[in-house]
Amino acid sequence: MSRIDTRGESAAEVLISRLLARVGNLGGGLHEPLFAGNEREYVTECIETGYVSSVGSFVTRFEKELALYVGAQHAVAVVNGTSALHLALVAVGVKPGDEVIVPALSFVATASAVALAGATPHFVDVSSETWGIDSTELRAYVSSSLRRDDTRLINKESGRPVTAIVPMHTLGHPCDGEGIKAVAKEFGLAFVEDAAESLGSFAGGRHTGLAGNAGVFSFNGNKTITTGGGGAIVTNDAELAARLRHLSTTAKIPHRFEFDHDAVGYNYRMPNINAALGVAQLEQLPDLVERQRSLHRKYEEALGDITLGSLRSESPGTTSNYWLQAFLLASGLAPQRDDILKACLDAGIPVRPLWRPLNTLTPYLQSPSAPTPVAEDLYSRVVCLPSSASLVP
Ligand SMILES: *Cc1c(COP(=O)(O)O)cnc(C)c1O
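In this text the structure is predicted, and so the values were computed from the model without any measurement.

Engineer: When you look at the state of the cysteines in this model, what are you seeing that I'm missing?
Structural biologist: Linking two cysteines covalently via their sulfur atoms produces the bond known as a disulfide. On inspection of all chains with the given rule, the structure shows 0 disulfides. Here C344 is not disulfide-linked; the sulfur of C384 is the nearest cysteine sulfur, at 12 Å. Given the relative accessible area of 1%, C344 is considered buried.

Set out below in structure tokens:
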């Protein structure tokens, strides 16, 4: 490993000693859940009343309280974030054979949801400032690579219709939702926001997930709040909310005894026992976000002044939930990223890289893609740091 620090220490040694000395005990996982409230009481209530499955008051309560926190008119709770994205895409009208614009830098679910809907992801690059889709570059790309056909946008190369866009708020940091909304409107694209990582993050005072037709959250065990497994779709469109609810519950027509279904539906509704956990977690959401923000200040103290790279801090005009804390290695250190990751893991510090750009994954090698130099650069340099809420007392 090359010696780059003036005192003869390697980059990994400097990072590790700073982290251990100034952030403290970093053991455990990358992002572990914290159950410090009414979780046990509410889950026990489900077991004692027998309402553990697809009916129950905690689901309704969870949806109401989530909608209230986010500032949405409707929330529909489902089994996980991936199913939430899939369902949202189908409900906004994405059809088999369509293309959907997604960032090359995201967790794989953003692209899988498109494929599950029978469509093809069409990858675009992210911005080096927000780490999400940039609306100015998006407008330029759409204008040059796609053409309008009567009412639709067509990919000039594949000939397929491009019908929707799914930006993602990377690691909890809001990207330019309002700007993307304007582009989506201009070109007639449906707009689903992958806000899986950004519960508790705001841009211009508005919660993420509300700029598009629908916004999606995940409550997986490693997210800001967890329901075990879970997801939700928020929207201000009452008709869309009704369609989401209907499709998520097998598209069954309500009837006292008859089983009649008017579409191919999904079994995606969140079970009551998961929602019980969710109601308890939502009660602690402001505290959980505050913990992440103060964890960020701790990392600032530990790493703020070193020349090996920079901590990811919130972009101007946004308030981030700091779902995952991240350190961007200086350009020259990209070749050492894997050695740094291994050394940290060996020292008991649970770090991770960012996701491999989605346009390099086997299932998407044939998918259309813009050049994605920023996604590739970020992937080569970002080290995600331990981000459990319990790291803050
Ligand atoms: C976590 C996550 C999802 C999917 O969530 P699951 O609940 O794990 O299915 C989707 N998109 C992004 C960006 C995520 O981080």
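And the narrative resumes.
Engineer: What's the story with the packing of aromatic side chains in this structure? I'm lost.
Structural biologist: To describe a pair of aromatic rings, one takes the distance between the centres and the angle between the planes. What the rule picks out here adds up to 5 aromatic pairs. Seen in terms of ring centroids, Y42 and F58 are 5.4 Å apart; in terms of plane orientation they differ by 35 degrees. Their pairing is tilted. Note that Y42 is positioned in helix 2 (residues 39-49) and F58 in helix 3 (residues 57-70), a separation of 16 residues in sequence. With a relative accessible area of 2%, F58 lands in the buried category. Above the plane of the ring of Y42 lies R61, whose end atom (NZ or CZ) is 5.2 Å from the centre. Looking at R337, its charged tip hangs above the ring of Y379, at a distance of 4.6 Å from the centre.

Engineer: Help me understand the domain arrangement of the protein chain in this model?
Structural biologist: A common measure of how large an interface is: the accessible area buried when the components associate. The domain architecture assigned to the protein chain consists of domain 1 (11-33 + 285-391) and domain 2 (39-283). Measuring from the centre of the C-alpha atoms in domain 1 to the corresponding centre in domain 2 gives 25 Å. Each side of the interface is counted separately: domain 1 has 39 residues, and domain 2 has 49 residues. Buried area between domain 1 and domain 2, both sides added, is near 3,600 Å², and the carbon and sulfur share of it is 66%. On inspection of domain 1 and its partner domain 2, the count reaches 0 salt bridges. On inspection of domain 1 and its partner domain 2, the count reaches 22 residue pairs in polar contact (both at pLDDT 80 or more). Counting only elements with at least two residues in the side of domain 1 that touches domain 2, the list comes to helix 10 (285-303), strand 13 (318-319), helix 12 (373-381) and strand 16 (382-385). Looking at the side of domain 1 that touches domain 2 residue by residue, the class counts come to 24 nonpolar, 12 polar and 3 charged.

Engineer: I'm lost on helix 7 (residues 177-187) in this one. Help?
Structural biologist: Residues three or four positions apart in an α-helix share a direction because the helix packs 3.6 residues into each turn. Residues of helix 7 that are buried include every one of G177, G179, I180, V183, A184 and F187, and no others. The buried side chains of helix 7 occupy one side of the element, clustering within an arc of 160 degrees when seen end-on. One or two steps after helix 7, the chain reaches G188, where phi turns positive at roughly 70 degrees.

Conventions used here
Residues numbered from 1 in each chain as written. Predicted model: local features only at pLDDT ≥ 70, side-chain atom pairs only at ≥ 80, totals over all residues. Heavy atoms only, no water. Disulfide = S-S within 2.5 Å. Buried < 20%, exposed > 50% of the residue type's maximum accessible area, 1.4 Å probe, protein only. Phe/Tyr/Trp six-rings, centres within 6.5 Å; stacked < 30°, edge-to-face > 60°. Helix = DSSP H or I, 4+ residues; strand = E, 2+ residues; numbered from the N terminus. Lys NZ or Arg CZ within 6 Å of the ring centre and 35° of its normal. Domains from an automatic or database assignment. Contact = heavy atoms within 4.5 Å. Buried area = accessible area lost by both parts, 1.4 Å probe. Salt bridge = Lys/Arg side-chain N within 4 Å of Asp/Glu carboxyl O. Polar contact = N/O pair within 3.5 Å; in protein donor to acceptor, adjacent residues only side chain to side chain. Nonpolar A, V, L, I, M, F, W, Y, C, P; charged D, E, K, R; others polar. Arc of directions from axis to C-beta.

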